[in-house]
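Per-entry structural report
Listed here are the chains, written in short residue letters.
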Amino acid sequence: MIQNGTMVETAIVNMDKDLFKKRLLYFFAGMPIISVVNNVLKWSIGELKLRLRTRLTYHLYNDYLRQITSGILRIVSGHSV
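These numbers were taken from a predicted model, which means no experiment stands behind them.

Right, let's talk about the UniProt feature "transmembrane region" (unreviewed entry) in the chain for a bit. The residues that UniProt annotates with the feature "transmembrane region" (unreviewed entry) are residues 24-45. Taken end to end, residues 24-45 is 100% helix and 0% strand, and its first and last C-alpha atoms sit 31 Å apart.

With that out of the way, let us pick up the packing of aromatic side chains. A complete count under the given rule lists one aromatic pair for this structure. Ring plane angle 65 degrees and centroid distance 5.7 Å describe the contact between Phe-27 and Phe-28, whose orientation is recorded as edge-to-face.

This brings us to the pattern of salt bridges. Taken as a whole, this structure holds two salt bridges when the rule is applied. Among the salt bridges present, the one from Glu-47 reaches Arg-51, with a minimum N-O distance of 3.5 Å. Of the two residues, Glu-47 and Arg-51 are both situated in helix 2 (residues 17-77); the distance of four residues between them amounts to about one turn of the helix. What makes Arg-51 exposed here is its relative accessible area of 52%. The partner of Arg-66 in a salt bridge is Asp-63, and the shortest N-O contact between them spans 3.4 Å. Pair noted here: Arg-66 and Asp-63 are both in helix 2, with a separation of three residues, about one helical turn. Judged by its relative accessible area of 28%, Asp-63 is partly exposed.

The rules behind each value
Residues numbered from 1 in each chain as written. Predicted model: local features only at pLDDT ≥ 70, side-chain atom pairs only at ≥ 80, totals over all residues. Heavy atoms only, no water. UniProt positions renumbered as here; feature names shortened; annotations may be inferred. Helix = DSSP H or I, 4+ residues; strand = E, 2+ residues; numbered from the N terminus. Phe/Tyr/Trp six-rings, centres within 6.5 Å; stacked < 30°, edge-to-face > 60°. Salt bridge = Lys/Arg side-chain N within 4 Å of Asp/Glu carboxyl O. Buried < 20%, exposed > 50% of the residue type's maximum accessible area, 1.4 Å probe, protein only.

Encoded structure:
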């Protein structure tokens, strides 16, 4: 994509109207594909963040409840810590 932009600039500097139109068309033809890839990457990063937070919260909550439950069982059974 950067190369296509550079080629458009080269056509401008060389003042070649036909080459400019051709390279500008290639540049715009690549835009939708790049946009789709960019949006898929953004969506997947957001999805990964959400899943990480969900799983981490679930793990920490279960660990906390396990410790509380074992502490209550020790108190009820009469064992010291």
